[in-house]
Amino acid sequence: MPNFQESATAVAPYQEQRDQPVKYLLRDGELVDYDDARLHVLSTSLKYGVGVFEGFRAYWSEDEQQLYAFRVIDHMKRLIDSMRVVEIDGPQDIDELSEQLLGLIRANGLRSNLHMRAQVFVDSKDGKPEDTGPSTVFMAAIPMGNYFGGTGLNVQISSWARLSDRSMPPRVKSIANYQNGRLALLEAKRNGYDAALLLTEGGHVAEGAGYNVFMVRQGRLCTPPATDSILEGITRDSVLHLARTELGLEVDIRPIDRTELYSADEVFVCGSAAEVNHVASVDRTAIANGQAGDVTRNLQELYRQAVIGKVASDRNWATPVYAS
(Lines give C-alpha, C1' and ligand atoms only; values in the text may rest on other atoms or scores of the structure.)
Protein backbone atom coordinates (compact mmCIF):
# COMPACT_ATOMS: atom_id res chain seq x y z
CA MET A 1 0.00 0.00 0.00
CA PRO A 2 1.25 3.53 -0.66
CA ASN A 3 2.56 5.58 2.24
CA PHE A 4 0.04 8.39 2.64
CA GLN A 5 2.16 10.24 5.18
CA GLU A 6 4.98 11.08 2.79
CA SER A 7 5.23 12.22 -0.80
CA ALA A 8 5.79 9.37 -3.21
CA THR A 9 8.42 11.37 -5.04
CA ALA A 10 12.01 10.95 -3.97
CA VAL A 11 13.44 14.26 -5.16
CA ALA A 12 12.21 17.70 -6.07
CA PRO A 13 9.88 17.92 -9.10
CA TYR A 14 11.09 19.36 -12.39
CA GLN A 15 14.56 18.00 -11.65
CA GLU A 16 16.96 19.19 -14.31
CA GLN A 17 20.01 17.41 -15.68
CA ARG A 18 22.64 20.11 -15.36
CA ASP A 19 25.44 18.10 -16.92
CA GLN A 20 25.35 20.39 -19.96
CA PRO A 21 25.28 24.20 -19.74
CA VAL A 22 22.72 26.14 -21.76
CA LYS A 23 24.35 29.15 -23.42
CA TYR A 24 21.68 30.38 -25.83
CA LEU A 25 17.97 31.04 -25.98
CA LEU A 26 16.15 32.22 -29.07
CA ARG A 27 14.39 35.55 -29.50
CA ASP A 28 12.46 36.07 -32.72
CA GLY A 29 14.67 33.57 -34.51
CA GLU A 30 17.97 35.05 -33.29
CA LEU A 31 20.29 33.48 -30.72
CA VAL A 32 20.67 35.50 -27.52
CA ASP A 33 22.73 34.77 -24.43
CA TYR A 34 20.76 33.03 -21.69
CA ASP A 35 20.96 36.04 -19.36
CA ASP A 36 19.85 38.50 -22.06
CA ALA A 37 16.44 36.93 -22.78
CA ARG A 38 14.22 39.59 -21.23
CA LEU A 39 10.89 41.43 -21.50
CA HIS A 40 10.17 44.90 -20.18
CA VAL A 41 8.27 44.93 -16.87
CA LEU A 42 5.54 47.08 -18.46
CA SER A 43 4.99 44.85 -21.47
CA THR A 44 1.38 43.76 -22.04
CA SER A 45 2.27 40.15 -21.26
CA LEU A 46 3.68 40.93 -17.82
CA LYS A 47 0.93 43.41 -16.99
CA TYR A 48 -2.02 41.33 -18.14
CA GLY A 49 -0.80 37.77 -18.74
CA VAL A 50 -1.25 38.00 -22.51
CA GLY A 51 0.80 35.16 -23.94
CA VAL A 52 0.69 31.57 -25.13
CA PHE A 53 3.28 28.81 -25.08
CA GLU A 54 4.11 25.22 -25.93
CA GLY A 55 6.08 22.68 -23.94
CA PHE A 56 8.01 20.02 -25.87
CA ARG A 57 10.25 17.08 -25.02
CA ALA A 58 13.32 15.62 -26.69
CA TYR A 59 14.95 12.30 -25.81
CA TRP A 60 18.50 11.10 -26.18
CA SER A 61 19.00 7.58 -27.59
CA GLU A 62 22.27 6.21 -26.31
CA ASP A 63 22.12 3.26 -28.73
CA GLU A 64 21.78 5.51 -31.77
CA GLN A 65 23.72 8.49 -30.40
CA GLN A 66 20.82 10.63 -31.59
CA LEU A 67 18.47 13.16 -30.02
CA TYR A 68 14.79 12.94 -30.99
CA ALA A 69 12.39 15.87 -30.64
CA PHE A 70 8.82 14.67 -30.10
CA ARG A 71 5.89 15.94 -32.17
CA VAL A 72 7.40 19.36 -32.85
CA ILE A 73 5.15 20.10 -35.82
CA ASP A 74 2.00 19.29 -33.81
CA HIS A 75 3.10 21.52 -30.96
CA MET A 76 3.83 24.43 -33.29
CA LYS A 77 0.46 23.99 -34.94
CA ARG A 78 -1.21 24.21 -31.52
CA LEU A 79 0.88 27.29 -30.70
CA ILE A 80 -0.53 29.02 -33.78
CA ASP A 81 -4.05 27.85 -32.90
CA SER A 82 -3.59 29.30 -29.41
CA MET A 83 -2.52 32.66 -30.83
CA ARG A 84 -5.64 32.69 -32.98
CA VAL A 85 -7.98 31.90 -30.09
CA VAL A 86 -6.59 34.52 -27.69
CA GLU A 87 -5.97 37.06 -30.51
CA ILE A 88 -2.21 37.51 -30.60
CA ASP A 89 -0.49 38.65 -33.78
CA GLY A 90 2.45 36.33 -34.26
CA PRO A 91 4.34 34.11 -36.70
CA GLN A 92 2.32 31.57 -38.68
CA ASP A 93 4.94 29.43 -40.42
CA ILE A 94 4.93 26.05 -38.67
CA ASP A 95 7.97 24.70 -40.50
CA GLU A 96 10.04 27.80 -39.81
CA LEU A 97 9.18 27.79 -36.11
CA SER A 98 10.01 24.09 -35.89
CA GLU A 99 13.38 24.50 -37.54
CA GLN A 100 14.19 27.43 -35.27
CA LEU A 101 13.64 25.24 -32.21
CA LEU A 102 15.78 22.42 -33.59
CA GLY A 103 18.46 24.95 -34.54
CA LEU A 104 18.52 26.26 -30.98
CA ILE A 105 19.19 22.75 -29.66
CA ARG A 106 22.03 22.32 -32.14
CA ALA A 107 23.51 25.71 -31.25
CA ASN A 108 23.70 24.63 -27.61
CA GLY A 109 25.05 21.20 -28.57
CA LEU A 110 22.61 19.48 -26.21
CA ARG A 111 22.67 15.69 -26.09
CA SER A 112 20.44 14.63 -23.21
CA ASN A 113 16.73 14.50 -22.39
CA LEU A 114 15.30 17.99 -22.79
CA HIS A 115 12.29 20.11 -22.05
CA MET A 116 11.73 22.90 -24.58
CA ARG A 117 9.42 25.89 -24.63
CA ALA A 118 8.19 28.22 -27.34
CA GLN A 119 6.51 31.31 -25.87
CA VAL A 120 4.76 34.15 -27.66
CA PHE A 121 4.37 37.38 -25.69
CA VAL A 122 2.55 40.59 -26.57
CA ASP A 123 5.44 42.98 -26.13
CA SER A 124 3.81 46.39 -26.58
CA LYS A 125 5.47 48.95 -24.34
CA ASP A 126 3.32 49.99 -21.37
CA GLY A 127 0.57 48.26 -23.30
CA LYS A 128 -3.17 48.00 -22.93
CA PRO A 129 -5.18 44.80 -22.31
CA GLU A 130 -6.62 44.90 -25.82
CA ASP A 131 -3.23 44.99 -27.56
CA THR A 132 -2.71 42.06 -29.93
CA GLY A 133 0.86 42.94 -30.94
CA PRO A 134 3.64 43.40 -31.55
CA SER A 135 4.68 39.97 -30.36
CA THR A 136 8.00 38.49 -29.30
CA VAL A 137 8.78 34.77 -29.59
CA PHE A 138 11.20 33.21 -27.13
CA MET A 139 12.36 29.60 -27.31
CA ALA A 140 14.33 27.60 -24.77
CA ALA A 141 15.78 24.09 -24.55
CA ILE A 142 16.80 22.91 -21.09
CA PRO A 143 18.10 19.50 -19.93
CA MET A 144 15.46 17.90 -17.70
CA GLY A 145 14.84 14.51 -16.16
CA ASN A 146 11.65 13.25 -14.54
CA TYR A 147 9.16 16.09 -13.98
CA PHE A 148 7.76 14.69 -10.74
CA GLY A 149 11.06 13.28 -9.50
CA GLY A 150 9.57 9.81 -9.11
CA THR A 151 6.57 7.61 -9.81
CA GLY A 152 3.39 6.70 -7.99
CA LEU A 153 1.61 9.99 -7.34
CA ASN A 154 -0.62 10.72 -4.37
CA VAL A 155 -3.20 13.09 -5.83
CA GLN A 156 -5.78 15.42 -4.30
CA ILE A 157 -9.05 16.48 -5.91
CA SER A 158 -8.77 20.25 -5.66
CA SER A 159 -11.35 22.56 -4.13
CA TRP A 160 -10.62 24.84 -7.11
CA ALA A 161 -12.80 24.14 -10.17
CA ARG A 162 -11.24 23.89 -13.61
CA LEU A 163 -11.89 27.05 -15.60
CA SER A 164 -14.66 26.72 -18.16
CA ASP A 165 -14.86 27.63 -21.82
CA ARG A 166 -17.33 30.35 -20.85
CA SER A 167 -14.63 32.26 -19.00
CA MET A 168 -11.25 31.27 -20.51
CA PRO A 169 -10.28 28.93 -23.36
CA PRO A 170 -9.06 25.77 -21.55
CA ARG A 171 -8.21 23.91 -24.77
CA VAL A 172 -5.26 26.20 -25.57
CA LYS A 173 -1.98 26.80 -23.72
CA SER A 174 -2.58 30.35 -22.60
CA ILE A 175 -0.17 31.54 -19.91
CA ALA A 176 -3.04 33.08 -17.94
CA ASN A 177 -4.82 29.70 -17.74
CA TYR A 178 -2.03 28.23 -15.65
CA GLN A 179 -2.93 30.28 -12.59
CA ASN A 180 -5.88 27.87 -12.28
CA GLY A 181 -3.70 24.78 -12.05
CA ARG A 182 -1.08 26.59 -9.97
CA LEU A 183 -3.60 27.32 -7.21
CA ALA A 184 -4.73 23.69 -7.24
CA LEU A 185 -1.14 22.45 -7.03
CA LEU A 186 -0.25 24.81 -4.19
CA GLU A 187 -3.28 23.58 -2.25
CA ALA A 188 -2.31 19.96 -2.87
CA LYS A 189 1.28 20.53 -1.78
CA ARG A 190 0.16 22.24 1.45
CA ASN A 191 -1.94 19.17 2.19
CA GLY A 192 0.92 16.74 1.63
CA TYR A 193 0.07 15.50 -1.87
CA ASP A 194 2.25 15.25 -4.96
CA ALA A 195 -0.24 16.54 -7.52
CA ALA A 196 -3.77 17.83 -8.06
CA LEU A 197 -6.76 17.03 -10.23
CA LEU A 198 -9.50 19.55 -10.94
CA LEU A 199 -13.20 19.04 -11.53
CA THR A 200 -15.37 21.00 -13.93
CA GLU A 201 -17.99 23.37 -12.58
CA GLY A 202 -20.46 20.54 -13.20
CA GLY A 203 -18.45 18.10 -11.06
CA HIS A 204 -16.81 15.94 -13.72
CA VAL A 205 -13.11 15.11 -13.68
CA ALA A 206 -11.28 17.52 -15.99
CA GLU A 207 -7.49 17.33 -15.76
CA GLY A 208 -4.52 17.88 -13.51
CA ALA A 209 -2.35 20.92 -12.96
CA GLY A 210 -0.69 20.62 -16.36
CA TYR A 211 -1.52 17.04 -17.34
CA ASN A 212 -4.43 14.98 -18.67
CA VAL A 213 -5.90 12.02 -16.79
CA PHE A 214 -6.89 8.46 -17.75
CA MET A 215 -8.40 5.62 -15.76
CA VAL A 216 -9.00 1.90 -16.26
CA ARG A 217 -12.32 0.83 -14.77
CA GLN A 218 -14.26 -2.37 -15.36
CA GLY A 219 -11.77 -3.31 -18.04
CA ARG A 220 -12.23 -0.09 -20.03
CA LEU A 221 -9.69 2.68 -20.61
CA CYS A 222 -11.43 6.03 -20.13
CA THR A 223 -10.52 9.70 -20.39
CA PRO A 224 -12.56 12.93 -20.22
CA PRO A 225 -13.74 14.53 -23.49
CA ALA A 226 -12.32 17.77 -24.84
CA THR A 227 -15.60 19.48 -23.91
CA ASP A 228 -14.98 18.88 -20.19
CA SER A 229 -12.60 21.84 -19.90
CA ILE A 230 -9.40 19.99 -20.73
CA LEU A 231 -6.34 20.97 -22.69
CA GLU A 232 -6.38 19.01 -25.93
CA GLY A 233 -3.12 17.37 -24.98
CA ILE A 234 -0.66 16.13 -27.56
CA THR A 235 0.61 13.46 -25.17
CA ARG A 236 -3.03 12.51 -24.52
CA ASP A 237 -3.49 12.10 -28.27
CA SER A 238 -0.33 9.98 -28.42
CA VAL A 239 -1.58 7.73 -25.61
CA LEU A 240 -4.96 7.32 -27.31
CA HIS A 241 -3.25 6.26 -30.54
CA LEU A 242 -0.90 3.82 -28.79
CA ALA A 243 -3.73 2.28 -26.76
CA ARG A 244 -5.85 1.68 -29.83
CA THR A 245 -3.23 0.60 -32.37
CA GLU A 246 -0.55 -1.09 -30.26
CA LEU A 247 -2.64 -2.59 -27.43
CA GLY A 248 -5.90 -3.01 -29.34
CA LEU A 249 -7.88 -1.27 -26.60
CA GLU A 250 -11.19 0.46 -27.04
CA VAL A 251 -11.13 3.83 -25.32
CA ASP A 252 -14.18 5.48 -23.81
CA ILE A 253 -13.97 9.26 -24.15
CA ARG A 254 -16.71 10.27 -21.75
CA PRO A 255 -17.43 12.30 -18.60
CA ILE A 256 -15.84 10.79 -15.49
CA ASP A 257 -17.18 11.24 -11.97
CA ARG A 258 -14.85 11.82 -9.04
CA THR A 259 -15.90 8.65 -7.24
CA GLU A 260 -15.14 6.53 -10.29
CA LEU A 261 -11.47 7.26 -9.67
CA TYR A 262 -11.71 5.80 -6.15
CA SER A 263 -12.92 2.46 -7.49
CA ALA A 264 -10.76 2.42 -10.62
CA ASP A 265 -8.32 -0.39 -11.37
CA GLU A 266 -5.72 2.07 -12.65
CA VAL A 267 -5.31 5.84 -12.90
CA PHE A 268 -2.50 7.68 -14.66
CA VAL A 269 -1.71 11.19 -15.82
CA CYS A 270 0.15 12.27 -18.95
CA GLY A 271 1.64 15.38 -20.48
CA SER A 272 4.71 16.55 -22.36
CA ALA A 273 6.59 17.32 -19.14
CA ALA A 274 4.81 14.73 -16.99
CA GLU A 275 5.13 11.93 -19.58
CA VAL A 276 3.03 8.90 -18.44
CA ASN A 277 2.96 8.57 -14.65
CA HIS A 278 0.74 6.31 -12.56
CA VAL A 279 -1.42 7.53 -9.69
CA ALA A 280 -1.08 5.56 -6.45
CA SER A 281 -3.94 7.24 -4.59
CA VAL A 282 -6.66 9.84 -4.94
CA ASP A 283 -7.75 11.71 -1.79
CA ARG A 284 -5.91 9.12 0.36
CA THR A 285 -7.84 6.29 -1.32
CA ALA A 286 -5.44 3.75 -2.81
CA ILE A 287 -5.92 2.90 -6.48
CA ALA A 288 -5.96 -0.93 -6.42
CA ASN A 289 -2.71 -1.88 -4.65
CA GLY A 290 -1.07 1.50 -5.30
CA GLN A 291 1.21 0.11 -8.01
CA ALA A 292 1.12 0.77 -11.75
CA GLY A 293 -1.26 -1.64 -13.47
CA ASP A 294 -0.70 -3.60 -16.67
CA VAL A 295 -2.28 -1.04 -19.00
CA THR A 296 -0.31 1.82 -17.47
CA ARG A 297 2.99 -0.07 -17.60
CA ASN A 298 2.40 -1.09 -21.21
CA LEU A 299 1.57 2.47 -22.23
CA GLN A 300 4.59 3.82 -20.35
CA GLU A 301 6.88 1.48 -22.27
CA LEU A 302 5.19 2.17 -25.60
CA TYR A 303 5.50 5.89 -25.01
CA ARG A 304 9.20 5.53 -24.13
CA GLN A 305 9.72 3.75 -27.42
CA ALA A 306 7.52 6.13 -29.44
CA VAL A 307 9.45 9.24 -28.41
CA ILE A 308 12.61 7.85 -30.03
CA GLY A 309 10.81 6.55 -33.11
CA LYS A 310 10.81 2.85 -32.21
CA VAL A 311 7.00 2.62 -32.03
CA ALA A 312 4.46 4.39 -34.24
CA SER A 313 7.30 5.29 -36.60
CA ASP A 314 4.77 5.73 -39.41
CA ARG A 315 3.39 8.74 -37.55
CA ASN A 316 6.70 10.65 -37.92
CA TRP A 317 6.42 11.81 -34.33
CA ALA A 318 10.15 11.63 -33.51
CA THR A 319 12.38 14.07 -35.40
CA PRO A 320 16.15 13.44 -35.30
CA VAL A 321 17.87 16.67 -34.27
CA TYR A 322 21.36 15.88 -35.53
CA ALA A 323 22.03 14.81 -39.11
CA SER A 324 23.53 11.33 -39.40
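Residues numbered from 1 in each chain as written. Predicted model: local features only at pLDDT ≥ 70, side-chain atom pairs only at ≥ 80, totals over all residues. Heavy atoms only, no water.

A. Structural view of the overall build of the chain. Counting its secondary structure elements, the chain contains 7 helices and 16 strands. A globule of 324 residues ought to have a C-alpha radius of gyration of about 20 Å, and the chain, at 19 Å, matches this closely. In terms of overall dimensions, the chain has C-alpha extents of about 50 × 50 × 35 Å along its principal axes. Scored against the burial criterion, the 324 residues of the chain give a buried share of 54%. In the chain, the share of contacts with a sequence separation of at least 24, taken over all contacts with a separation of at least 6, comes to 71%. For the chain, the distance from the average position of its 33 positive side-chain charges to the average position of its 44 negative side-chain charges is 3 Å. (Helix = DSSP H or I, 4+ residues; strand = E, 2+ residues; numbered from the N terminus. Rg over C-alpha atoms; globule rule 2.2 N^0.38 Å. Buried < 20%, exposed > 50% of the residue type's maximum accessible area, 1.4 Å probe, protein only. Contact = heavy atoms within 4.5 Å. Lys, Arg positive; Asp, Glu negative; His and termini not counted. Charge placed at Lys NZ, Arg CZ, Asp CG, Glu CD.)

B. The sheet that holds strand S5 (residues 114-122), seen in detail. Ordered in space as S2-S1-S6-S5-S3-S4-S16, the 7 strands form an open sheet in which the pairing is antiparallel. Edge strands, defined here as strands with exactly one partner in the open sheet, are strand S2 (30-33) and strand S16 (318-320). In this sheet, neighbouring strand axes are inclined to one another by 30° on average, regardless of whether the strands run parallel or antiparallel. Judged from the 4 bridges that link them, strand S1 (residues 24-27) and S2 form a sheet pairing that is antiparallel. Looking at S2, one finds that Leu26 is bridged to Leu31. (Pairing = 2+ DSSP bridges. Axes fitted to C-alpha atoms, helices over the stretch in contact; angles between N-to-C directions.)

C. Molecular detail of the packing of aromatic side chains. Under the counting rule described, the total for this entry stands at 7 aromatic pairs. On the basis of an interplanar angle of 65° and a centroid distance of 5.1 Å, the ring pair of Phe53 and Tyr178 is categorised as edge-to-face. One end of the pair, Phe53, is in strand S3 (residues 51-61); the other, Tyr178, is in helix H4 (residues 178-190), and 125 residues separate them in sequence. Judged by its relative accessible area of 6%, Phe53 falls in the buried class. Take Tyr178: its relative accessible area is 29%, and that puts it in the partly exposed class. Look at Phe121 and Phe138: their rings are 6.2 Å apart centre to centre, the planes differ by 65°, and that puts the pair in the edge-to-face class. (Phe/Tyr/Trp six-rings, centres within 6.5 Å; stacked < 30°, edge-to-face > 60°.)

D. Unusual backbone geometry, seen in detail. Pro134 follows Gly133 through a cis peptide bond whose omega is 0°. Although it is not a glycine, Asp28 adopts a positive phi angle of roughly 50°. As for its position among the elements, Asp28 is in the loop between S1 and S2. Taking relative accessible area as the criterion, Asp28 reaches 42% and is therefore assigned partly exposed. Here Asp283, not a glycine, exhibits a phi torsion of approximately 55°, which is positive. Residue placement: Asp283 occurs in the loop between strand S14 (275-282) and strand S15 (285-286). The exposure class of Asp283 is buried, given its relative accessible area of 17%.

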